[in-house]
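Overview (structure and organization)
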Amino acid sequence: MSVRLQLTDIKKTYRAVTALNSVSLDMMGGKIIVLLGANGAGKSTLMRILAGLEDPDSGTIQFNNQTTDAKSIRRVSTLVFQKSVMFSLSVYGNLAYGLKIRGVPEGEISKRIAEALEAVRLSGFEKRRAKKLSGGEQQRVALARAFLLNSNVLLLDEPTANLDPNSAAIIEKAILAKKSSSRIIIMATHNLNQARRMADEIVHIHNGEIVEASAPEDFFENPKSEVTRKFINGELDF
Amino acid sequence: MADIIVPALQQAINLITSGDPEVYATVYRTIYVAGLGTLLACLWSIPIAVFLGLYNFRGKWVIKGIFNALMGIPTVALGLLLFLLFSRQGELGFMNLLFTLNGIAIGEAILVTPIIVSFTANALGSADSQLRDLARTLGASGFRTNLTLIRETIWSIVLSLTASFNRCFGELGIASLVGGSILGETRVLTTSIAIWTNFGDFSLAMAYGIILMAIVVVLALIVSLIERLRNEDMGLNRLIFWGGLGGR
Ligand SMILES: Nc1ncnc2c1ncn2[C@@H]1O[C@H](COP(=O)(O)OP(=O)(O)OP(=O)(O)O)[C@@H](O)[C@H]1O
Ligand SMILES: [Mg+2]
């Protein structure tokens, strides 16, 4: 079954800062949507709202054509944070956390964890203390932890920011392997080449507003907005 | 001083090695009231702390302030209050708690409530909001999220319980007023020290003091040993502190 996620007129302000201003998007399962935008543009804020961790000030979110609130969007989405967070548990404990909540039997859990670790090239890391891992290793555990849950909406906030080129390539492959008609993958990145490689659609957020949303070819070769053209060429100044 | 300490040390060693039943009984009674007091306090202090630490509401800072202030409550004041309540004419006289170990334990429990509440609430409150977000995005319910946050701060909670136990252990006001220091029944280490000092047997008083100090020090050592092992080995951590609440 294909899924659909629609945002209409999402606004979010933090005191004086307008993090998101009237964001509307229509996203379909089977696609990777890449969010581009300068620091502070509002990418993480949008991710947090889509993860149900934050309520928008106004606007609606519809999942499969039904309006949802933060609580119900949380049931179908999983966010991998920009800065990885680990429980004070073993790698196994971290990976098993969400599966246990979902009542997956223990034998099944360890099997799936072994596979997930394999996918991020961390086989045999089960017993290591998650908090003692290197930054990049933690990020890969965080990704594996989210991959395991097979959510309909997979939110990845700069998933390869801390990774060496080799690991980044592995993770890109792992993300692509997660593409499915029952899953929308939304990914923020600052890496334009990565956006070009992975995106089915690129969304450029600038000062909390969407200034461009198009397929990668159009986005890079033929941007409609002036801001996006400057952004691509690294000429954007504030 | 020295002419008291040396014989006192000898007497302490004698007391311990001679197997004097009253000494062992006194140590046992002290551990009993301190342990029961701390456990009792947990029954209500941990829920209060979870509420104060993890939920936001108006006027929360006032309540936290009150608990902070109550940490310094003089034990004699609390002891006197309980003495009046527990005495035959008192409102709680019917419970027959005056001059009993359980009466002391209840007093100790009240005494350490602010300690457990304040320390635990602060630990939970400062637990990374990122951990809460992580638990929630992985599908944890509100209740489960709270369990996870408690587990993540369990070490601070253990330390607050240790501090509470020590406070009960070395406290005199409640033990003497509520307990009455009845020989063979409600006399604990601190009240033994007080009584023998009053009787002028300084070296016996000192001997009890040394036993008290020794137990406190040993307890502190055990706690830091566990902390060290915990930092090195997950397995032990899991074994000791967390059977299965919220994770592995
Ligand atoms: N909890 C918060 N409180 C106050 N301001 C916030 C909060 N979260 C985000 N902001 C502000 O909202 C704006 C958007 O932030 P956001 O984290 O969404 O940006 P971003 O696009 O993810 O940036 P980056 O590329 O640096 O990760 C910023 O100006 C930020 O300071
Ligand atoms: Mg961000």
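Now for a description of the structure that goes with this document. This structure is a prediction, so every number in the text was calculated from the model and none was measured. (Residues numbered from 1 in each chain as written. Chains lettered and ligands numbered in written order. Predicted model: local features only at pLDDT ≥ 70, side-chain atom pairs only at ≥ 80, totals over all residues. Heavy atoms only, no water.)

In this section: empty space enclosed by the protein. Taken as a whole and assessed by the stated rule, the structure comprises one cavity of 30 Å³ or more. Estimates place the volume of the largest cavity at around 50 Å³. Together, Leu-79, Val-80, Phe-81, Ser-84, Val-85, Ala-142, Arg-145 and Ala-146 of chain A together with Leu-138 of chain B line the largest cavity. The dominant element in the lining of the largest cavity, judged by the number of residues it contributes, is helix α5 (residues 135–147) of chain A, at three residues. (1 Å grid on protein atoms, 1.4 Å probe; cavity = no way out; pocket = protein on both sides within 12 Å on 5 of 7 lines; lining within 4 Å. Points joined across faces, edges and corners; volume = space filled by probe spheres on them. Helix = DSSP H or I, 4+ residues; strand = E, 2+ residues; numbered from the N terminus.)

With that settled, consider the interface of chain B and chain A. Taken together, the contacts link 20 residues of chain B with 28 residues of chain A. Approximately 2300 Å² of surface area, both sides summed, lies buried where chain B meets chain A, with 54% of it carried by carbon and sulfur atoms. Taken together, chain B and chain A are joined by two salt bridges. Measuring nitrogen to oxygen at the nearest pair gives 3.0 Å for the salt bridge that ties Arg-48 of chain A to Asp-133 of chain B. Taken together, the connections running from chain B to chain A amount to six residue pairs in polar contact (both at pLDDT 80 or more). Of all the secondary structure elements, the ones that give two or more residues to the side of chain B that touches chain A are α6 (129–137), α7 (142–152) and α11 (202–232) of chain B. When residues of the side of chain B that touches chain A are assigned to their parent elements, the largest contribution, seven residues, is made by α6 of chain B. Split into classes, the residues belonging to the side of chain B that touches chain A amount to six nonpolar, seven polar and seven charged. (Contact = heavy atoms within 4.5 Å. Buried area = accessible area lost by both parts, 1.4 Å probe. Salt bridge = Lys/Arg side-chain N within 4 Å of Asp/Glu carboxyl O. Polar contact = N/O pair within 3.5 Å; in protein donor to acceptor, adjacent residues only side chain to side chain. Nonpolar A, V, L, I, M, F, W, Y, C, P; charged D, E, K, R; others polar.)

Here the focus is the coordination of the magnesium ion (ligand 2). All names here are of chain A. Donor atoms from the polypeptide that bind the magnesium ion (ligand 2) are Ser-44 (OG) and Gln-82 (OE1), placed at 1.9 to 2.2 Å. In this pair, Ser-44 is assigned in helix α1 (residues 43–50) and Gln-82 in the loop between β6 (77–80) and α3 (91–101), connecting sequence segments 38 residues apart. Residue class for Gln-82 comes out partly exposed when judged on its relative accessible area of 36%. (Donors = N, O, S within 2.8 Å, 3.2 Å for Na, K, Ca; no water. Buried < 20%, exposed > 50% of the residue type's maximum accessible area, 1.4 Å probe, protein only.)

Here we take up the layout of surface pockets. Residues and elements named next belong to chain A. A volume near 260 Å³ is recorded for the largest pocket. Ranked by the residues each element gives to the lining of the largest pocket, the list is headed by helix α2 (residues 70–76), at three residues. Residues of the lining of the largest pocket, tallied by class, amount to three nonpolar, three polar and five charged.

A word on α1 of chain A. Residue and element names in this part refer to chain A. In terms of burial, α1 is largely enclosed, as six of its eight residues are buried. Every buried residue of α1 is accounted for by Lys-43, Thr-45, Leu-46, Met-47, Ile-49 and Leu-50. Of the residues one or two after α1, Gly-52 is the one with positive phi, at around 75 degrees.

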